[in-house]
Amino acid sequence: MKPTRSRANWLFFRQWLRNPFSIGAVMPSGRELANAMAEASDSDSGRFVVELGGGTGNITQALLDSGLPAERLIVIERDRRLYRVLAARFPEIRILNMDAVQALEVLNEECHGKVGSVVSGLPLLSMPPEFQEQLLAESFKLLGKNGDFIQFTYGPVSPVSQRRLGKLGLRAQKVSRARLNIPPASVWRFVRISEWLQATRDAAQRKQNRAANAA
Ligand SMILES: C[S@@+](CC[C@H](N)C(=O)[O-])C[C@H]1O[C@@H](n2cnc3c(N)ncnc32)[C@H](O)[C@@H]1O
């Protein structure tokens, strides 16, 4: 049976009381933040989207609402009770009740390079640096060309330090802000530095060509 929104929110709060560092928020993301996460992700290239830390499914719903077909979405949620909420709410989606890093390792066997975005609601700020590194390394192994890792944070800066990102060959950019969320949050995109440099060079070349054609 599908849980009502208030029952799902109540369960989320109870799970937070039990394990605040793992749940990372007192209530699920609001619609503005969920939509901003979906908008930032690659839902129309025909590739898979993998969502980490699905919670009660608000970002999952926004991804589906943005036009992503259910068979292209894979959701990972470690908490057993929240997993059951997700499974009842989205019977058409593949949901893995596993730790994110372990699930990414499994998915790397199956759909390596076929994923356009990894969309993360994990509380990265409360996770140890080694976990952050493993998570990003496994995610970027899974992501195809120009794939990106989308993460929200309640903090003012990137939830992964520039030093750690540099070590992994990644670059972070803030893409939007959900001011009305409780608490307010921002959405970040992590990409491979090599692909970002190539895209920047291509854009400069296109601009030069346009100017030459107009002259
Ligand atoms: C801040 S909540 C976000 C929930 C939902 N995405 C949202 O935005 O409302 C973080 C979620 O990540 C899950 N989580 C935390 N650590 C995890 C891990 N290592 N692997 C998988 N899920 C994890 C928690 O159980 C929780 O549901």
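Residues numbered from 1 in each chain as written. Predicted model: local features only at pLDDT ≥ 70, side-chain atom pairs only at ≥ 80, totals over all residues. Heavy atoms only, no water.

As annotated in an unreviewed UniProt entry, the protein carries the name Ribosomal RNA adenine methylase transferase N-terminal domain-containing protein and comes from Denitrobaculum tricleocarpae.

Colleague: Describe the overall build of the protein, and please don't skip the residues or the numbers.
Modeller: Counting secondary structure elements, the protein contains nine helices and seven strands. The C-alpha radius of gyration computed for the protein amounts to 18 Å, which stays within 12% of the reference 17 Å derived for 215 residues, consistent with globular compactness. Its C-alpha atoms put the protein at 65 × 40 × 35 Å along the principal axes. In the protein, buried positions account for 47% of the 215 residues. In the protein, the proportion of contacts linking residues at least 24 apart, taken out of those at least 6 apart, comes to 68%. Entry remark: accessible area of the protein is about 11200 Å², with carbon and sulfur atoms responsible for 54%. Averaging the coordinates of the 30 positive side-chain charges in the protein and doing the same for the 20 negative ones gives two points 5 Å apart. (Helix = DSSP H or I, 4+ residues; strand = E, 2+ residues; numbered from the N terminus. Rg over C-alpha atoms; globule rule 2.2 N^0.38 Å. Buried < 20%, exposed > 50% of the residue type's maximum accessible area, 1.4 Å probe, protein only. Contact = heavy atoms within 4.5 Å. Areas by Shrake-Rupley, 256 points an atom, 1.4 Å probe, with all protein chains shown as cover. Lys, Arg positive; Asp, Glu negative; His and termini not counted. Charge placed at Lys NZ, Arg CZ, Asp CG, Glu CD.)

Colleague: Quick rundown of the side chain of Ser 43? Include the residues and the values.
Modeller: The topology assignment puts Ser 43 in the loop between helix H3 (31-40) and strand E1 (48-52). Using a relative accessible area of 15% as the deciding quantity, one classes Ser 43 as buried.

Colleague: I'd love a proper account of the sheet that holds strand E5 (residues 143-153), names of residues and values included.
Modeller: Across a sheet, strands are paired by hydrogen bonds formed along the backbone, either parallel or antiparallel in direction. Spatial strand order, E3-E2-E1-E4-E5-E7-E6: seven strands in an open sheet with mixed pairing. What marks the edges here is a single partner per strand, and that holds for strand E3 (94-96) and strand E6 (170-178). The average undirected angle you get between the axes of adjacent strands in this sheet is 20°. Here helix H9 (residues 193-214) sits on the sheet and contacts E5, E6 and strand E7 (185-192); the angle it forms with E7, its principal contact strand, is near 90°. (Pairing = 2+ DSSP bridges. Axes fitted to C-alpha atoms, helices over the stretch in contact; angles between N-to-C directions.)

Colleague: Explain the UniProt feature "domain: Ribosomal RNA adenine methylase transferase N-terminal" (unreviewed entry) in the protein to me, and be specific about the residues and the numbers.
Modeller: The feature "domain: Ribosomal RNA adenine methylase transferase N-terminal" (unreviewed entry), as given by UniProt, occupies residues 33-194 in the numbering adopted here. Regarding residues 33-194, the helix share stands at 37% and the strand share at 28%, and the terminal C-alpha atoms are separated by 29 Å. (UniProt positions renumbered as here; feature names shortened; annotations may be inferred.)

Colleague: Just give me the short version of the site of the ligand, but keep the residues and values in it.
Modeller: The local shell around the ligand holds 24 residues, among which Ser 29, Gly 53, Glu 77, Asp 99 and Ala 100 are the closest. Considered on its own, the ligand offers 600 Å² of accessible surface; in the complex 99% of this is hidden by protein. Residues belonging to the shell around the ligand are distributed by class as follows: 13 nonpolar, six polar and five charged. (Near = heavy atom within 4 Å. Nonpolar A, V, L, I, M, F, W, Y, C, P; charged D, E, K, R; others polar.)

Colleague: Residue-level account of the environment of Lys 114, with values.
Modeller: Turning to its location among the elements, Lys 114 is positioned in the loop between helix H6 (100-111) and strand E4 (115-120). For Lys 114, a relative accessible area of 46% translates into the label partly exposed. Along the primary structure Lys 114 and Val 49 are separated by 65 residues, whereas in three dimensions their C-alpha atoms are 9.0 Å apart. Beyond its immediate stretch of four places on either side in the chain, Lys 114 contacts Arg 47, Phe 48 and Leu 142.

Colleague: Outline the packing of aromatic side chains, supporting the account with residue identities and numerical values.
Modeller: Ring pairs (aromatic) are described by centroid distance and by the angle formed between their planes. Evaluated as defined, the whole model comprises four aromatic pairs. Geometrically, the ring pair formed by Phe 152 and Tyr 154 is tilted, given 5.6 Å between the ring centres and 55° between the ring planes. With relative accessibility at 10%, the residue Phe 152 sits in the buried group. Among the aromatic residues, those joined into a cluster by ring pairs are Trp 10, Phe 13 and Trp 16. Lying over the aromatic face of Phe 48, Arg 72 brings its terminal NZ or CZ to 5.1 Å of the ring centre. Cation over ring: Arg 171 sits above Trp 196, and NZ or CZ is 3.8 Å from the ring centre. (Phe/Tyr/Trp six-rings, centres within 6.5 Å; stacked < 30°, edge-to-face > 60°. Lys NZ or Arg CZ within 6 Å of the ring centre and 35° of its normal.)

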